[in-house]
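# What the coordinates show
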Amino acid sequence: MSSPAEAILPGRQGVLRRLADTLWRHPRLLLLLMLAPPVLWLGVIYLGSLVALLVQSFFSIDEFSGLINYEFTLKTYRELLIPANFDILVRTVSMAAAVTLAAVVVAFPIAFYAARYARGKWKAAFYIGIMLPLWSSYLVKIYAWKLVLAKEGILNWIFAKLHLTWLLEAYLSIPVIGGNSLSVSYTGTFLVFLYVWLPFMILPLQAALERVPMNLLEASADLGGSSRQTFRHVVLPLAMPGVIAGSIFTFSLTLGDYIIPQIIGSSRLFIGQAVYSHQGTAGNIPLAAAFAVVPIVIMGFYLWMAKRAGAFDAL
Amino acid sequence: MTAAVLFSKVSRHYGLVKALDEVDLEVLEGEFFAMLGPSGSGKTTCLRQIAGFEQPTSGHIEIFGETAEGVPPFRRNVNTVFQDYALFPHLNVTDNVAYGLMIRGVEKKERYRIAAEALELVALPGLGSRRAGELSGGQRQRVALARALVNKPRVLLLDEPLGALDLKLREQMQEELKTLHRQLGITFVFVTHDQNEALSMADRVALFNEGRVVQVGTPQEIYRQPNSRFVADFVGSSNVLPPDFVATIMGASRWASLRPESIRLTQSGGHEAIVIASNFLGGSTRLALDVGSLRLHAIVPSVSVVPAVGEKVFIEWERQDVHLMEEGA
């Protein structure tokens, strides 16, 4: 018999080996090394600026000099409640809620198909189809929609060709959601928001649905559940974390966006636009900060409600 | 008596693969029926046809005399215990068990009462508020059983329900399932790849191979009178004797089976054999023997002096223990 192999294999020599051995023996040290840069980035730069924002919102602006008064006050928050500003909040939150709800409804069948039925080539086609819009510039997409929705736009032309102009006119004459043309109505803003944020709803939803085992659907059917009941009692609750994840995207992105409502929609302001104008030309940093705090508070409240409603129970 | 489940010429094809190939099957009302076979033999596909998860490519299925093909699972009074239990992870044990009742609109108080009863039936009271994920494998199995029974199905389907349990728990559950079957008096259809499980539990066994039913009978029939080499080999690993050998001892040129425990060691006479391997199994010892060109297995009691590997021994068996099979030469 030849000489037996060594029980402990020799490793690479030198500092690198000693370092590798040390890290292997102290996995926490390795974790610390890997986490330090992102934690510094998130903790110091992101959270730091968030705190700065929060602090700013408790200052106020001197109405005569236009200078910031560095004293703690709730005056700026009171200012949020005056009708002109409060309208902005209501308008933005309503829009975000409508966009989120519509995104869930539109995304569900697409995500369900992709998670359950699409295989191989079709799955690849699905991913490209969903991601492709994200690769092109956001501004290009919005201006493209402007061309679609404008008074002389594609949609009007199609309605005219189908002799349905009266239908469009009737729709546009509805107060609040109507307007002179789709491109200057809330409906237009809503459609573009829905289009631009839809991938952010589909992808988490698809991931959640993919994790629902097929045999749970069979078990539900086996116990007498029709397709509708199975959806209501099994698929939806198990997909809820995905719905919440997607809605965090659609809801918060809509709350914060200031470009879409500026290009498409009535000229009434959304939160993002208010922040933009107050911190820019108006120079009212405290009010801009207070406006910016609103989406954060709303999202926190939303997640708390979702947790209380058991949306994360399936996790 | 009407058949609980009746298959006539049922086929199920996946592309070119014939998962079920013209299967004829009759499950009687109230019996414990086992579908036994190696993996991929079509037994689970067969079960899924009864549950309604899959539709036959051709053929006809009746459940209690009513046509079943084209009827969705939720309109069949048939319930399934799934292989990996398929408990709903977002519901606690009680809500899992009460799911079928909730679907049928039974009011909350009533369905919780029935669910508690069902949990008691499967010897699992007091765990109602736990989540499925917090239970052990054996407990999940019982919850799955209670959930399937709560709808009072005419046929209970069990898809390898004991596969994931360890030996001791499995034996205990086998007993409990048999007791439950006697208690409830409903038809059980049980899928397994474990021949001991099928033989010890079932009233009748259907043996599947390559999408076909190769033999149906009571466990005794299947064990003592296998009709083909496959059955003889699969159920209890019988010795299969080739036609030329059978011709010398029985005079008929047919395949035959000889159970290992039918072979005895003798001092002299009978057939001369060389011991190739010896496995001590506790109460008995399993020997591999070379008899001329033939390899035989014998199971002998460990009390006698067990021959060592390489030793020459003499073996014999009773003439009636050699079972001539239908399968020809």
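Source: prediction; values computed, not measured.

The subject of this paragraph is the overall build of chain B. Across its full length, chain B carries 10 helices and 18 strands. Seen through its principal axes, chain B has C-alpha atoms that stretch 75 × 45 × 35 Å. With 329 residues in all, chain B has 41% of them scored as buried. The long-range share in chain B, meaning contacts at least 24 apart out of those at least 6 apart in sequence, stands at 63%.

A word on the domain arrangement of chain A. Residue and element names in this part refer to chain A. What the domain assignment reports for chain A is domain 1 (15–57) and domain 2 (83–308). Distance between the C-alpha centres of domain 1 and domain 2: 35 Å. Taken together, the residues of the side of domain 1 that touches domain 2 break down into two nonpolar, two polar and no charged.

Accessible area lost on assembly of the parts is the figure often given for the size of an interface. Facing 19 residues of chain B, the contacting portion of chain A comprises 17 residues. If you list the elements that add at least two residues to the side of chain B that touches chain A, you get β6 (78–81) and α3 (99–103) of chain B. Top element by residues in the side of chain B that touches chain A is α3(B). It accounts for three residues.

Residue and element names in this part refer to chain A. Remark: helix α4 (residues 83–116) packs on helix α9 (residues 186–210), axes separated minimally by 7 Å, with the N-to-C direction vectors making an angle of 45°. For the element pair α4 / α9, the angle class is oblique. Taken as a pair, α4 and α9 cross one another with a handedness that is right-handed. Each residue belonging to the contact of α4 with α9 can be placed in one class, and the counts come to 23 nonpolar, two polar and one charged.

Let us now look at helix α5 (residues 137–149) of chain B. Residues and elements named next belong to chain B. In a regular helix each residue adds 1.5 Å, so 13 residues correspond to 18 Å; α5 covers 18 Å between its end C-alpha atoms and thus fits that length. Taken across its 13 residues, α5 has 10 buried, putting it largely inside the fold. Of all the residues in α5, the buried ones are Arg-140, Gln-141, Arg-142, Val-143, Ala-144, Leu-145, Ala-146, Arg-147, Ala-148 and Leu-149. Buried residues in α5 make contact with β6, α2 (93–97), α3, α4 (108–121), β7 (155–159) and α6 (167–184).

Each value, and the rule that gives it
- Residues numbered from 1 in each chain as written.
- Chains lettered and ligands numbered in written order.
- Predicted model: local features only at pLDDT ≥ 70, side-chain atom pairs only at ≥ 80, totals over all residues.
- Helix = DSSP H or I, 4+ residues; strand = E, 2+ residues; numbered from the N terminus.
- Buried ≥ 20, exposed ≤ 12 C-beta atoms within 10 Å, placed from the backbone.
- Contact = placed C-beta atoms within 7 Å.
- Domains from an automatic or database assignment.
- Nonpolar A, V, L, I, M, F, W, Y, C, P; charged D, E, K, R; others polar.
- Axes fitted to C-alpha atoms, helices over the stretch in contact; angles between N-to-C directions.
- Parallel < 35°, antiparallel > 145°, perpendicular 65-115°, else oblique.
- Left-handed = near helix turned anticlockwise from the far one by under 90°.
- Expected span 1.5 Å × (residues − 1).

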